[in-house]
Amino acid sequence: MKEEVKEYIGQNKDRFVNELLDLLRIPSVSADPQYKNDVARAAEYVKGQLIAAGAEHVEVCKTDGHPIVYGDKLIDPKLPTVLVYGHYDVQPADPIDLWTSPPFEPVIKDEKIFARGSCDDKGQMYMHVKAFEFMMKNNSLPCNVKFMIEGEEEVGSVNLGIFVKANKEKLKSDVCLISDTSMLANDIPSITVGLRGLAYVEVELVGPNRDLHSGTYGGAVSNPINALCDMISSLIDPVTRKITIPGFYDDVEDISAEEKKAISEIPFDEVEYKRELGIKETRGEKGYSIIEQASTRPTLDVNGIKGGYIGEGAKTVLPSKASAKISMRLVPNQKSEKIAHLFAEHFKKITPPSMTVKVDFHHGGEPVVVPMDCIEYQAASMAYEDTFGKKPLPVRAGGSIPIVALFENELGVKSMMMGFGLDTDNIHSPNENFGIFNFLKGIETLPLFYKHYADLKKK
Ligand code: BES
Ligand code: MN
Ligand code: MN
């Protein structure tokens, strides 16, 4: 199969790229209602491509939000079933003016495809469609396949959660296969063996009942923006960089000495890391390496802050209100709901009497770790060895895919996360891009997972 997939890619790569470019031209931004029809169009496009690749029972399933595309190819009930998960929705393109080319007019520069969603996750999801096409054309599909491609990953997958709970039989499978994470480098393949969870809150402080002249009242009346900044900065200890919310670390599982050692052996160039980001220093929790800080430890970050005058020039005003959006990345065994409540309780407690406070909860997600002593991992590892000529390293990702924990709890299936993007692909940021090498390497590697998985299952 190894040589055949290479040959097939060689003959079809221009078409593969062009089909992906067509999908990238559809601005399927799930967060913004303005794009509702485009999101629906992207779902139809995925449906059409699944049918063209040879999938059956392909349908666009309505939900209370954006639709889910389902399709399958069930060849033999005795063979294992792979559930492919991906998402066709994308993040908003803002800030638009920082893009060097329009986000929904994909261009190829330096062997990379630039467009919103090129890596996260249209490009990576599409690798699975093309890998499937190859196995169908080549008559070498060794497993049953079910595709479930959603349109609400970037807004919390709430309706997918409902869909999964309501369709357990339909989605019954042996393993879930996902490409929605990254690998270490183009010559250092890796398998994602963990994801962080997420608790997301929005806080609002209200001081005086209206905006005030900051000269007339300033000095006596407490300013909600100042108060909010004080409160937020008190949430992280200035020396240890630990989060100060009581109970926050109670359930945190420390990583094993073995994993700590494995992480310390991951090739990492701190100078290049800082240079590429344009920062002079990193600043994380004391006692942990940068890789640990960004993947195995919990965090608290302000994602956005609002209040007062932000127009041109200077306006003197003491605002009535201020608000902030705050995310906390969670690690095994923390629970999203518990952490959100601990946050709310603490935040209310530290609110000065001059302010009233409100804390709202947004969507969250639970952390996951994937075992390595299983045939699913072994099959993935062998696939990378076939196509990269070296064993992949296991790494935990710092990002979140909330639905993965739900697959485990509701469907009883583990997820193998075979990501082919790079951390520097600018996902969620202007100038998102995906290397053509990465796109094609994914298409080459995925069929080998199926092959090794089916072989190992037989034994
Ligand atoms: N594909 C990402 C998650 C990701 C990125 C995992 C990089 C590992 C490495 C996914 O589309 C995403 O952006 N998830 C959100 C969570 C969601 C609830 C909005 C995230 O991590 O912020
Ligand atoms: Mn994604
Ligand atoms: Mn994303």
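Everything below is about the structure printed above this text.
Criteria and cut-off values
Residues numbered from 1 in each chain as written. Chains lettered and ligands numbered in written order. Predicted model: local features only at pLDDT ≥ 70, side-chain atom pairs only at ≥ 80, totals over all residues. Heavy atoms only, no water. Near = heavy atom within 4 Å. Polar contact = N/O pair within 3.5 Å; in protein donor to acceptor, adjacent residues only side chain to side chain. Areas by Shrake-Rupley, 256 points an atom, 1.4 Å probe, with all protein chains shown as cover. Nonpolar A, V, L, I, M, F, W, Y, C, P; charged D, E, K, R; others polar. Domains from an automatic or database assignment. Helix = DSSP H or I, 4+ residues; strand = E, 2+ residues; numbered from the N terminus. Buried < 20%, exposed > 50% of the residue type's maximum accessible area, 1.4 Å probe, protein only. Contact = heavy atoms within 4.5 Å. Donors = N, O, S within 2.8 Å, 3.2 Å for Na, K, Ca; no water. Tetrahedral: all angles 85-135°; square planar, octahedral: opposite > 155°, others 65-115°. Axes fitted to C-alpha atoms, helices over the stretch in contact; angles between N-to-C directions. Parallel < 35°, antiparallel > 145°, perpendicular 65-115°, else oblique. Left-handed = near helix turned anticlockwise from the far one by under 90°.

A. Up close: the site of ligand 1. What surrounds ligand 1 is a group of 16 residues, the closest being Glu153, Asp180, Arg329, Ser400 and His428. Asp180 places a polar side-chain atom, nitrogen or oxygen, 2.8 Å from a nitrogen atom of ligand 1. Ser400 places a polar main-chain atom, nitrogen or oxygen, 2.8 Å from a nitrogen atom of ligand 1. Across the complex, the protein chains shield 89% of the 520 Å² of accessible surface that ligand 1 would expose by itself. Looking at the shell around ligand 1 residue by residue, the classes come out as 5 nonpolar, 6 polar and 5 charged. Structurally, the shell around ligand 1 is a two-domain feature, drawing no fewer than three residues from each of domain 1 (2-195 + 367-458) and domain 2 (197-252 + 298-365).

B. Inspection of the environment of Ser157 at higher detail. Mapped onto the fold, Ser157 is located in the loop between strand E6 (144-150) and helix H4 (158-166). The exposure class of Ser157 is buried, given its relative accessible area of 4%. Beyond its immediate sequence surroundings of up to four residues, Ser157 is in contact with Tyr85, Glu150, Glu152 and Ile403. Reaching out from Ser157, the side chain makes a polar contact with the side chain of Glu150 at a distance of 2.7 Å.

C. Local environment of the coordination of the manganese ion (ligand 3). Each protein donor to the manganese ion (ligand 3) is listed here as Asp120 (OD), Glu154 (OE), Glu154 (OE) and His428 (NE2); together their distances run 2.1 to 2.5 Å. Viewed at the metal, the 6 donor atoms of the manganese ion (ligand 3) are separated by angles of 55 to 153 degrees, and the geometry they form is irregular. Within one chain, the residues serving as donors to the manganese ion (ligand 3) are arranged as D-x33-E-x273-H. A separation of 3.6 Å is found between the manganese ion (ligand 3) and the manganese ion (ligand 2), which share Asp120 as a coordinating residue. With Glu154 in the loop between E6 and H4 and His428 in the loop between strand E15 (415-417) and strand E16 (433-435), this residue pair connects regions lying 274 residues apart in the sequence. Residue classification places His428 among the partly exposed positions, given a relative accessible area of 40%.

D. Spatial organisation of the packing of helix H1 (residues 2-24) against helix H3 (residues 122-137). At a minimum axis separation of 10 Å, H1 and H3 run at an interaxial angle of 140 degrees. In terms of axis orientation, H1 runs oblique to H3. Crossing handedness for the pair H1 and H3: right-handed. Of the residues in H3, those in contact with Glu4, Val5, Tyr8, Arg15, Phe16, Glu19, Leu20, Leu23 and Leu24 of H1 are Lys122, Gly123, Met125, Tyr126, Lys130, Glu133, Phe134 and Lys137. The residue inventory of the contact of H1 with H3, partitioned by class, reads 9 nonpolar, 1 polar and 7 charged.

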